[in-house]
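Structural characterization, general
Here is how the chains run, residue by residue.
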Amino acid sequence: MPTNFTVVPVKDVRKSREEEEEEDEDVDDNNVFREEDEAAHFPGDGMPKESSPFINNTDHDKGNLYDGKNMALFEEEMDSNPMVSSLLNKLANYTNLTQGVKEHEEADDEEGSARSKKPVKSPALGTLIGVYLPCLQNILGVILFLRLTWIVGTAGIMESLAIVVMTCSCTMLTAISMSAIATNGVVPAGGSYYMISRSLGPEFGGAVGLCFYLGTTFAGSMYILGTIEILLTYIVPSAAIFKAEKKENEPEALLNNMRVYGTCCLTLMSLVVFVGVKYVNKLALVFLACVILSILAIYAGVIKTAFEPPDFPICLLGNRTLQNHNFDQCLKTMEVDNVTVTTKLWSLFCDSPDLNATCNEYFTLNNVTVIQGIPGLTSGVIRDNIWGDYGPKGMLVENKHQVSEPAADTSQDIYMPYVANDITTFFTLLVGIYFPSVTGIMAGSNRSGDLRDAQKSIPIGTIMAIATTTFIYISSVILFGACIEGVVLRDKFGDSVKGNLVIGILAWPSPWVIVIGSFFSCCGAGLQSLTGAPRLLQAIARDGIVPFLQVFGHGKANGEPTWALLLTGGICEIGILIASLDAVAPILSMFFLMCYLFVNLACALQTLLCTPNWRPRFKFYHWALSFLGASLCVSLMFISSWYYALVAMLIAGCIYKYIEYRGAEKEWGDGIRGLSLNAARYALIRLEEAPPHTKNWRPQMLVLLNLESDHTVKHPRLLSFCTQLKAGKGLTIVGSVLQGTYMTKEDEVKKAEQNVKSSMTTERTKGFCHVVASSNLRDGFSHLIQTAGLGGMKHNTVLMAWPGTWKQSNDPVSWKNFIETVRETTAANQALLVAKNVDSFPTNTDRLGEGTIDVWWIVHDGGLLMLLPFLLRQHKVWRKCKMRIFTVANMDDNSIQMKKDLQMFLYHLRLDAEVEVVEMHDSDISAFTYEKTLVMEQRSQMLKQMQLSRTEREREDHWSKLELSIVFLVRIQCQYWKSQGRRSGLRCVQPALFTVTIVWYRNQSNVRRMHTAVKLNEVVVNRSQGAHLVLLNMPGPPKNRGGDENYMEFLEVLLEGLNRVLLVRGGGREVITIYS
């Protein structure tokens, strides 16, 4: 039913600080030290600023916060934490601004830029005027006057009571839930939308708010169609533009007339709303008076029928009801001057007025009978109306108690003036048509800003209005069935009573009381719908949660929603073009039921979560009642029309997902977030901290990012690769470290987090961001590796970029931090992925063509090398790539058998990949390898010398010369020795003098490692230089930290000549299995 929504721009008037600045300039010398102390404080000192509990908050309105020296201990915190006396003073002076449309009109009347300030009046509406009567006016409407008698006649008294009880129970339970929400704090403009969005979050709020908007808009269409139906059917039928020459064309002509007149009426009402809603407000009391007078006239007519029933004869042919339009007397023939002549009724069924004319067979076989349309309360007709009489479209309305002779040929019945069903009737259809007559319960909550005590008036007024209308509907169902003949009740348009409104012939003193009253009631309801719907859309648009609706948040200078009114008129025209009141009513029923469903869910959710802020003043609610109301809403949706229900849910679901992915993120303290927190806590408690089973293992990523000097992400492609590897599944934590303390780096940390989150959004990386400040980068990354995650939701894989500029940098900190990170992950039993040339990796928008992902399986590390390509190929970027697995065989290995075994292993793993076995021949160490090793050691020695002090450098040079003299001046015999494959060196013996043993632990090992790196690099480059991605086992760092730089050189040589490389180091456990 119609609802009023108002949105007014409220300016945030803030106090000027000029006086405070002047006072600061006049400080004496005694305050210098105190000012210096204040200026030296860190951002973390004191308490953070909290949000004000007031809606129209003025944060800078400080005034005199304390007097004298009584509170000097707390004076430094007064800016963020005002004194209790100041807080209570604000509370006492707080008034919720009136949010009615009156302010819009006052602002519209003011001209010029300098507008006079008018004092804001305190809200003064009580329960009766502010809630009860508006709800009564919104609930009672077009269905009561135009369709309730037809519903009673078609469904019978018992099933009609069932419809009324179901629908009114639904609205009563919803009103209880709404009362709890509405009394849990102040409800500003937006009404039900505000309540739902702040209770269930922006996604649900936006979806249900738009559904409620569509319901309100289609309600405007329904009222306009009701207005035109009353006008063309009961007031001025001659005004119809399209007139049917044949009876079978009458329904189509009526629909065309409804479309033309409805469009004109919609245009006129929209102009009235555009020019000024103050005219609608002034006529509101007139419309309410029409509704009340019409209902009183109905009850007066019912009472009158008990002792003096009105005379409304109904003409029956056999047991069939006739349309009483084109004849005056219910007779076939009549005596005029002793001559039998035929009547107008005869002409309707016969081909000529002669007595020997050929007539319709059924007309010939049956006589005409006259019965009273309204027998009265004491007639006992209630027994005939207890049960319903459903039927298909075109079924004739018949009185089962009348004698009838059936005709053999019924093909001509549709052309005869019988009263027939214009639509197929069944119980669920009637539920959908009737439900709009119980909507409108939100009228009180929408006026919360105008109420003297909203938390008291809304529950009492709404529940009393629902109780009153429920009594009216139940009594009307019983009284209609007890007073009116069944064939008249089933006559939707009053054709059997000379085109009168059926409920009108029951009213006293005249049918015109109901006709005129219902006409103005429908007009008023349509205007209120066109007034309220644009304001609801404006409230949603100004919240900014639906990006494409932001244009509808603008309007005239006074805040009137001009663009929203245009959209509302366009959607309303869709309902007008449908042209059938019975077809439009179920549509808006779906949208209102969706809104009521989520009001109940919001109340139940808040009650079960026991959130600290859930303290409604209305105490007569329970989560079970809310769930019952929600269940009843869902049931009524599918009872009314299952396909409309699915469409409404689909629309709400699409809006929800759109807001979730494209809408602005809002933190409203909603229940869905509380539910998520409770569900997350419950899941984390149940989730064991032990490692998952191999079948459930997937890489839970910790992405370690490096930041530029301006705190932007240095390698955003690392996030892209993480997104492609994860495909939105599992845990992703993105971390980075800023050097320094948090007290001094607080703003930079927050800025860095915002930049990282922005990059995550751009690269579509779903996960969590954490930037920490640490005294040095190594400790920061170590802390992230140790502490990231919570409970069982911890990372098991670390992803980082290869430090590509480590050679160019004279500072060894970067590559040392890298190696220490490798050691940290190994110690923590976590897998490590290192991406080299990460900036050349594909973005999420790239689509790689035919190519390969090459896996070089040198050592077994738990199967991570084989799992990663499979995960990558799930993403559309890598989908077309094929997987190749290379393994290395020594000379004494059976390479053919190795290939067969590996193919069988991959078959059991359900992985599709090509297998190649590469044989590494034993060869002498080449001169190139010695050269590489020498260059590496010389560079290492040079860097080492640069880091030594002068004294240490001289001492190092002295021992170097002594060592050379031992080597070159003493005649020695040298013999190569090797002990258990671990140590090697030269044992040099001088028989006559002494024995000198020089053990080259490092040098000989470096040569052998460089030899392996060079040979393996040649093989990999030869086979995989054109691959889209190369995955390679990452050798571990040396246990002796003195060889860290050489370790970097080995890796550099190993990866030389390859474009995209991912070094993989397992976490020490199996991550892939052949078992189910």
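See the structure printed just above.
In this report, we go over the structure that sits alongside the text.

The rules behind the values
- Residues numbered from 1 in each chain as written.
- Predicted model: local features only at pLDDT ≥ 70, side-chain atom pairs only at ≥ 80, totals over all residues.
- Heavy atoms only, no water.
- Salt bridge = Lys/Arg side-chain N within 4 Å of Asp/Glu carboxyl O.
- Helix = DSSP H or I, 4+ residues; strand = E, 2+ residues; numbered from the N terminus.
- Buried < 20%, exposed > 50% of the residue type's maximum accessible area, 1.4 Å probe, protein only.
- Core = buried A, V, L, I, M, F, W, Y, C linked by side-chain atoms within 4.5 Å.
- Contact = heavy atoms within 4.5 Å.
- Expected span 1.5 Å × (residues − 1).
- Pairing = 2+ DSSP bridges.
- Axes fitted to C-alpha atoms, helices over the stretch in contact; angles between N-to-C directions.
- Phe/Tyr/Trp six-rings, centres within 6.5 Å; stacked < 30°, edge-to-face > 60°.

**Some thoughts on the pattern of salt bridges**
Considering all chains together, one arrives at 20 salt bridges under this definition. Where Glu398 meets Lys400, a salt bridge forms, and the shortest distance between an N and an O atom there is 3.7 Å. Ionic pairing is found between Glu820 and Arg823, a salt bridge with its closest N-O pair at 3.1 Å. Taken together, the positions of Glu820 and Arg823, both in helix H27 (residues 813-827) and 3 residues apart, correspond to about one turn of that helix. Under the relative-accessibility criterion, Arg823 is labelled buried at 14%. Among the charged side chains, a network of salt bridges with common partners joins Arg147, Glu229, Asp422, Lys492 and Asp582.

**Notes on the nonpolar core**
Of all hydrophobic cores here, the largest spans 159 residues; its most connected members are Met222, Tyr434, Met442, Tyr473 and Ile484. Looking at this core element by element, the count peaks at 21 residues for helix H8 (residues 192-235). Excluding its chain neighbours within four sequence positions, the residues that come into contact with Tyr434 are Ile143, Leu148, Ile151, Ile163, Val164, Thr167 and Tyr473.

**Re H27**
Relative to the 21 Å expected for 15 residues at 1.5 Å per residue, H27 spans 20 Å between its end C-alpha atoms, a close match to the ideal helical length. Every buried residue of H27 is listed here: Trp815, Asn817, Phe818, Ile819, Glu820, Thr821, Val822, Arg823, Glu824 and Thr825. Residues of H27 that are buried in the fold lie against strand E6 (701-704), helix H26 (777-787), strand E9 (797-801), strand E10 (831-836), helix H33 (1044-1055) and strand E18 (1061-1065). One or two steps after H27, the chain reaches Asn829, where phi turns positive at roughly 55 degrees.

**A word on the sheet that holds E6**
As summarised here, the arrangement of the 10 strands in space is E8-E7-E6-E9-E10-E18-E17-E11-E12-E13, forming an open sheet in which the pairing is mixed. Of all the strands in the sheet, the pair left with one neighbour each is strand E8 (768-774) and strand E13 (914-919). On average, each strand axis in the sheet is tilted by 20 degrees relative to the strand beside it, whichever way the strands run. Pairing between E6 and strand E7 (residues 732-739): 4 bridges, direction parallel. Its bridge partner lying in E7, Met701 is registered against Thr732.

**Focus: the packing of aromatic side chains**
Counted under the stated rule, the structure contains 22 aromatic pairs. Judged by centre distance (4.8 Å) and plane angle (10 degrees), the rings of Phe349 and Phe363 are stacked. Of the two residues, Phe349 is situated in helix H11 (residues 344-349) and Phe363 in helix H12 (residues 361-365); the sequence distance between them amounts to 14 residues. There is no split in this pair, since Phe349 and Phe363 are both buried. Considering the side-chain rings of Phe435 and Tyr596, the 6.3 Å spacing of their centres and the 55 degrees angle between planes classify their relative orientation as tilted.

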